[in-house]
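# Structural overview
Here is how the chains run, residue by residue.
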Amino acid sequence: MEDCEWVLVKEPTDRDIWNPSLKYGEESSSLRPLEIRFNEAAKHWTDALPIGNGRLGAMVWGGVSSEILNLNEDTLWTGTPGDYTNPEAPKSLAEVRKLVDNGQYAEATEAAVQLTDNSPDVYQLLGDIKLEFDDSHGTFQEEKYERVLDLDTATVKVNYSVGDVEFAREYFASNPDQVIAAKVSANRPGCLTFTLSMDSKMHHHTYVSGNNQIIMEGSCPGKRKPPKVDTNDNPKGIQFTAILDLQISGGSGNLQVLDNRRFRVEHCDWAIILLVASSSFNGPFIKPVDSKRDPKSECSSMLNSIKKFSYSELYARHLDDYQKLFHRVSLQLSKSSDSDAKESGRVSTADRVKSFKTDEDPSLVELLFQYGRYLLIACSRPGTQPANLQGIWNYMLEPPWDCAPHLNINLQMNYWPALSCNLKECQEPLFDYTTSLSLCGCKTAKVNYEASGWVAHQVSDIWAKTSPDRGQAVWALWQMGGAWICTHLWEHYTYTLDKAFLANKTYPLLEGCTSFLLDWLIEGRGGYLETNPSTSPEHAFIAPDGKAASVSYSSTMDMSIIKEVFSDIVSAAEVLGKSDDDLIKRVLKAQPHLCSTRIARDGSIMEWAQDFEDPEIHHRHVSHLFGLFPGHTISVRGTPALCKAADYTLYKRGEEGPGWSTTWKAALWARLHESEHAYRMVKHLFDLVDPDHEANFEGGLYSNLFTAHPPFQIDANFGFSAAVAEMLVQSTMRDLYLLPALPRDKWLNGCVKGLKARGGVTVSICWNEGNLHEFGLWSNGQTSTKRLHYRGRTVATKILTGKVYTFNKQLNCVKTYALF
C-alpha cells in the first residue's frame, strides 16, 4: 500500500446508478463543458455572471482595471409586517357580486377596485465589492481574456494577461459555510497590487476593523416609496451587516488602510477575500424594531467558524455540497449520428445564442437546461427565502415589479423543475413561505371575505402579504394564488412518497386552503358552484354590451385550480386515512357541482364562464390551460376532445410573448405530445436580447443566459428546464411516458439520466436515431406497478424498491440488479 495514493471517491448520485450499454455522449461530454463564456468584461448587468448559495448572491463583472461584484442577501426588503385585511371589503364584495349577477361586467370591474389593497414591499440590494488594480492593467492582452461560469463546479473564473504575467480570479458562494469567497492571484511573485473597498446604494456606513476587515452596516427603508401608504412616517426597517475579510500571501506584499474605509494591497502573490452578511429579519411577523437578532455579531461568528478552514478546504466543502445536487441529472443531446460535439474554444455563449437560429446546436439546449438547475440551487436552499422574481440577483433600489413573488404564475414556475429535475430540497423555502402565507391569509379570508381557511392573492413579499395588490382588478384581484401553491405540496408527495411530509406539512395547508375555497364558492347559475368575482389573470374581455371588462364569474383558471386542490386533498386524505373527515365529505359533495372546462364556438378552450369576445388573442397568459399543465384535469388519454381544443387554443395564442410565456407554452405543447410545437417554443427562446434596446424584444436570452420578459425575470430559466424534462419524461402515479415530445429530427441521439417521475421513480433514457434504445428505472420508495408508454405501446411492469431495471427498446426487461 505504500506505493498507492488515496483517492477521494464521491458518493454516487442518481445519474451514476444506471449505466446504459449505449455510450453516446459519455466520451464527447468532456468536449462541451457546461460553461457560460465571455471573452470580455461585462458592459451591462446582464453580462455579469451569477453565483449564489441560496441566501447570498453576487454578480461578477470581470473588469480588468476595475472589478465589481454586486451583492445580494435574500432578506433585505423594505417595510415592516402589515395588516392585510380590509373591514370594508365585505360591503364592496356584495356590490361587485350583484353587478356580476346582473351582467354589468364593466361596472363590476370598476367597483372591484374597492377590493384591492396596497402594493407589496420591495426587494433591495446589499452593496458592491470593488477591486481597483494598478495602471499596468490598462494594457492587458484582450485576446487572452476569458470569464467563465462553470456549472459543474459553480465557480466563476476570470483569466487575463498583462505582459508576461498571467492573472487569475476565482469566485464561488458556499452554502455549507455561508460565505462568498474569492481568490486573486498572479503566476509571478509580487505582481498583485490593488485597492479593495465595499459600498452600497442603501443607507449605510463602512469602516475598517483590525488589520484585515471592512465592515458595512446599513438599513433598508422602513416603507417602500409611494404609492404604498403607511401611517408611520419613518418606521425602522431591516438592519444589515456585511464583513469583508482580506488575507494576503505571507512573506510578501504590503497591506495599508486608506481613509479607514479601504485597503491598499501592494506587491503580493495572492489575496483571498471572504464576504459574510446577515440581517435583523426574524420572520414575517416580527417588526425590525423588535428583532433580537444582531447581524454584526452573526457575521463575526460566521467568519470565526470558517477561519479553521483553508481556502482549498472551503472550496472542497462548497464543491461537495453543490455537486451532490447538481450531479444528480445529466443530459446529452445530438442532432445527428455523425455530429460529435466539437470543442467550442473561445466562442462566447452570446455568439452561440446568436447562431442558434441557424445551427440549432443541441449542446446549447443542454447548457440552458442545466443552467436552470444551477440557478435554483444557487437561489433557493433549505432555510432561505423562496426565489423571487429575479432569484436573488438584483442591483436596483426599485427593481422591475419590485422583485416580488407573483403568485399568478411566476413564483410557481420558479419551482417547476424542483421535482422532475431532481432538486426536491430546493423547494423547501416555498413550503416554509406557504406556511407564513397561510397565517396571514387566515386573517384576510376572515375579514375581507367572511370565510374560513386562508387565501393569498396575486402578489406578495417577504412579509407574507396576502391581500390584493394595488390597482386595477385585471391584475390585482385574484384569490387563487395560495391555492395554486398548494398543488405544489401534493406534487411533492407524488414524487417523493414522503408520508410524514404529507401529514405534517401538506395536509394542514391543504385543509385551510380547501376550507376557504368551499366558503368562496357560491351557488349560481344552473346549480353550479361559482367564484364571484373572478378574473383570468391580467387579461380582459369584451362584455356582451360591448364594454371592456375583466371581472365576471368562474373563470376557467379559477375552476381548474379548485378542481386540482379538491382532487389533491381527497387523494391525500385517502393516503392518511382521513377520508371520513367532514371536510372531505364537503369536498366530495361539491365536486360534481363544479363547472366543467368548456369549448368555445371557435373550438378553443373558453377562458371565462361565458364565451366572451377576446380583444387580445395573443395575450401572454395562458391561464385557461392550467388544467393541461401544470394541472392534470386535461390529458391526452383522458380528455381527447379537450386536448384538441387546447391544441387550437395554443395555436390561436401564437408564439410571441415574454420568456415565461414561451416556456409555459413549451410545457403545454409537450403535455399534448406535440414535439414539433414544443421544440418551436424552445427555439423561440434563443433570441439574444440587446440590453440597450430590450423594449424591442419579446422574451429571449441575455448574454449571461438570464431569461427576459424583458426586463430580466428568472422564471423562464426555471420554466425551460421543466419544459425540456417534460418533453423527455411524463408521469402520473400509475403511468410513465417515455420521450413523449422528443423532437426526433433535432435531438436524434441522446441520453438523460436522473430525472424523477411520480411514484418515487428515477428515470434514465437513451435513444438512438430518434428511437428509444434503452432505459433504466429504480425506486427507493415503495414497490409499485407502472404502465410504461412509448409511441402508442403500453406495457405494465412492477418496480421493486432497491432494484435497478434496464429495459431494451422492445420494452422487455433485460437485467435487474440491486442498488449499491
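Below or above, wherever it landed, is the structure these notes cover.

Each helix and strand in the protein chain was counted, giving 19 helices and 30 strands. In terms of overall size, the protein chain behaves like a compact globule, its C-alpha atoms giving a radius of gyration of 27 Å where 820 residues would be expected to give roughly 28 Å. When each of the 820 residues of the protein chain is scored for burial, the buried share is 62%. For the protein chain, long-range pairs separated by at least 24 residues make up 69% of all intrachain contacts whose partners lie at least 6 apart in sequence. Carbon and sulfur atoms make up 49% of the accessible area of the protein chain, which amounts to about 30,300 Å² in all. Counting 82 positive and 102 negative side-chain charges, the protein chain places the averaged centre of each group 4 Å from the other.

Bringing the nonpolar core into the picture now. Of all hydrophobic cores here, the largest spans 238 residues; its most connected members are Tyr 371, Tyr 374, Trp 393, Trp 664, Leu 728 and Ile 765. In this structure, Phe 172, Tyr 207, Leu 274 and Tyr 311 belong to the second largest nonpolar core, which totals 17 residues.

Within the open sheet, the 7 strands sit side by side as β2-β3-β4-β5-β10-β15-β14. Their pairing is antiparallel. Of all the strands in the sheet, the pair left with one neighbour each is β2 (49-52) and β14 (254-258). On average, each strand axis in the sheet is tilted by 20 degrees relative to the strand beside it, whichever way the strands run. Sheet topology note: the strand β5 (residues 127-133)/strand β10 (residues 192-199) ladder contains 6 bridges and is antiparallel.

Over its 14 residues, helix α16 (residues 640-653) extends 20 Å from the first C-alpha to the last, a length consistent with the 20 Å expected when each residue adds 1.5 Å. What α16 keeps buried is the set Leu 642, Cys 643, Ala 645, Ala 646, Thr 649, Leu 650, Lys 652 and Arg 653. In the core, the buried residues of α16 are packed alongside α17 (659-671). In the segment just after α16, Gly 654 is the residue with positive phi, at about 90 degrees.

Before going further, it helps to examine unusual backbone geometry. Backbone phi values are negative for most residues with the exception of glycine, while trans is the configuration of most peptide bonds. Phe 629 connects to Pro 630 through a cis peptide bond whose omega is 10 degrees. With respect to the element layout, Pro 630 can be found in the loop between α15 (582-590) and α16. A cis amide bond links His 709 to the next residue, Pro 710, at an omega of -10 degrees. Notably, Glu 538 is not glycine yet its phi reads approximately 65 degrees, a positive angle.

So, on to the pairing of strand β11 (residues 203-209). Sheet analysis places β11 next to strand β12 (residues 213-219), joined by 7 bridges and oriented antiparallel. Looking across to β12, one finds that Tyr 207 is bridged to Ile 215. What sits between the antiparallel neighbours β11 and β12 is a turn of 3 residues, in which Gly 210 has the positive phi angle 70 degrees.

Now for the side chain of Asn 70. Mapped onto the secondary structure, Asn 70 falls in strand β4 (residues 66-73). For Asn 70, a relative accessible area of 7% puts it in the buried group. Polar side-chain contacts of Asn 70 include one of 2.7 Å to the side chain of Trp 61. Apart from residues lying up to four places away in sequence, Asn 70 is in contact with Trp 45, Gly 57, Ala 58, Met 59, Trp 61, Gly 127 and Asp 128.

Rules behind the numbers
- Think of each chain on its own: its residues are numbered from 1, step by step along the sequence as written.
- Whole-chain, interface and lining totals are the exception, using all residues; otherwise, since this is a predicted model, local features are given only for residues with pLDDT of at least 70 and side-chain atom pairs are given and counted only at 80 or more.
- Hydrogens and water molecules were not included; the side-chain quantities draw on all heavy atoms of the structure.
- Secondary structure elements are taken from DSSP: a helix is a run of H or I of four residues or more, a strand is a run of E of two residues or more, and numbering for both begins at the N terminus.
- Note that the radius of gyration is over C-alpha atoms, with the globule rule given as 2.2 Å times the number of residues to the power 0.38.
- Think of it in three bands: with a 1.4 Å probe and only protein chains considered, a residue is buried below 20% of the maximum accessible area for its type, exposed above 50%, and partly exposed in between.
- Contacts between residues were defined by any pair of non-hydrogen atoms, one from each residue, lying within 4.5 Å.
- Note on areas: these come from Shrake-Rupley sampling with a 1.4 Å probe, and a residue is covered only by the protein chains present in the view.
- Counting rule applied: Lys, Arg positive; Asp, Glu negative; His and chain ends not counted.
- Charged side chains are reduced to one point each, which is NZ for Lys, CZ for Arg, CG for Asp and CD for Glu.
- Residue types Ala, Val, Leu, Ile, Met, Phe, Trp, Tyr and Cys, when buried and joined through side-chain atoms within 4.5 Å, form a set referred to as a nonpolar core.
- When DSSP finds two or more bridges between a pair of strands, those strands are recorded as paired.
- Each axis is a line fitted through C-alpha atoms, taken for helices only over the stretch in contact, and angles between the N-to-C directions span 0 to 180 degrees.
- By definition here, a helix of n residues has an expected span of 1.5 Å times n minus one.
- Pairs of N or O atoms within 3.5 Å make up the polar contacts considered here, provided that, within protein, one atom can donate a hydrogen while the other can accept it, and that residues adjacent in sequence are counted only when both atoms are side-chain atoms.

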